[in-house]
Amino acid sequence: MNQIKIAYYKGKRSENKRATLLDWLICFFTRSRFSHVEVVLDHNPYGLSKCASSSPRDNGVRYAYIDLQSGHWEVYTLGEGFNYTAEDVKSYFDQHIGKKYDWFGALGVVVPFLNGKKNRWFCSEITADLFGLDKPSEMRPRDIFEYFVRFNHRPVYL
């Protein structure tokens, strides 16, 4: 069984020369090292890994093949007590594929009077919803990371 992992995008230029202004702004306003989160369905140590998330670069919920060995990512095991399979994650994401990115929801994490739209998702919101975390619309990549650290979330060295 392939254990699900979570990948966090390093959003600060000091750690990732490819980080954009948007990545830096997300990190600044959310007080985090990470600007984006992906659920890793399958990891190929010799190439690209199949991931799922909602991305502003791709305009919404999608699967993507990502080079997690590029140095731009930190990858962690899901943690104890979370026995999700790639099939579980795929089943969940198949219900949401193609839904638009939720800009208002993402901004609402730091600007409380902005509300997200139904049927739109941002990365940490859809990840939190997948794993049944409380208040997914209030989650930032940092919150996902800190939540799973409490359950023995450990780095994977690719």
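Keep in mind that this is a model prediction, so the values were computed, not measured.

Parameters and conventions
- Residues numbered from 1 in each chain as written.
- Predicted model: local features only at pLDDT ≥ 70, side-chain atom pairs only at ≥ 80, totals over all residues.
- Heavy atoms only, no water.
- Pairing = 2+ DSSP bridges.
- Helix = DSSP H or I, 4+ residues; strand = E, 2+ residues; numbered from the N terminus.
- Contact = heavy atoms within 4.5 Å.
- Axes fitted to C-alpha atoms, helices over the stretch in contact; angles between N-to-C directions.
- Parallel < 35°, antiparallel > 145°, perpendicular 65-115°, else oblique.
- Left-handed = near helix turned anticlockwise from the far one by under 90°.
- Nonpolar A, V, L, I, M, F, W, Y, C, P; charged D, E, K, R; others polar.
- Buried < 20%, exposed > 50% of the residue type's maximum accessible area, 1.4 Å probe, protein only.

Colleague: Lay out the sheet that holds strand 5 (residues 73–77) with the relevant residues and their values.
Modeller: The strand order across the open sheet formed by 6 strands is 4-3-2-1-5-6, and the pairing between neighbours is antiparallel. Looking at which strands have only one partner, the edges of the open sheet turn out to be strand 4 (60–66) and strand 6 (155–156). Here helix 4 (residues 123–130) sits on the sheet in contact with strand 2 (34–42), strand 3 (49–55) and strand 4, set at roughly 45° to strand 2.

Colleague: Describe in detail the packing of helix 2 (residues 86–94) against helix 4, supporting the description with residues and values.
Modeller: Helices that pack against each other are described as a pair by the angle of their axes relative to one another and the distance between those axes. One way to put it is that helix 2 packs onto helix 4 with a least axis distance of 11 Å and a crossing angle of 120°. As the angle between them shows, helix 2 and helix 4 are arranged oblique. The handedness of the crossing between helix 2 and helix 4 comes out as right-handed. On the side of helix 2, the interface is formed by Val89, Tyr92 and Phe93, while helix 4 contributes Ile126, Asp129 and Leu130. A class-by-class count of the residues in the contact of helix 2 with helix 4 yields 5 nonpolar, no polar and 1 charged.

Colleague: Provide a residue-level description of helix 5 (residues 141–149), including the pertinent values.
Modeller: A large share of helix 5 lies buried, amounting to 7 of its 9 residues. Against the buried residues of helix 5 lie strand 1 (5–10), helix 1 (21–30), strand 2, strand 5 and helix 4.

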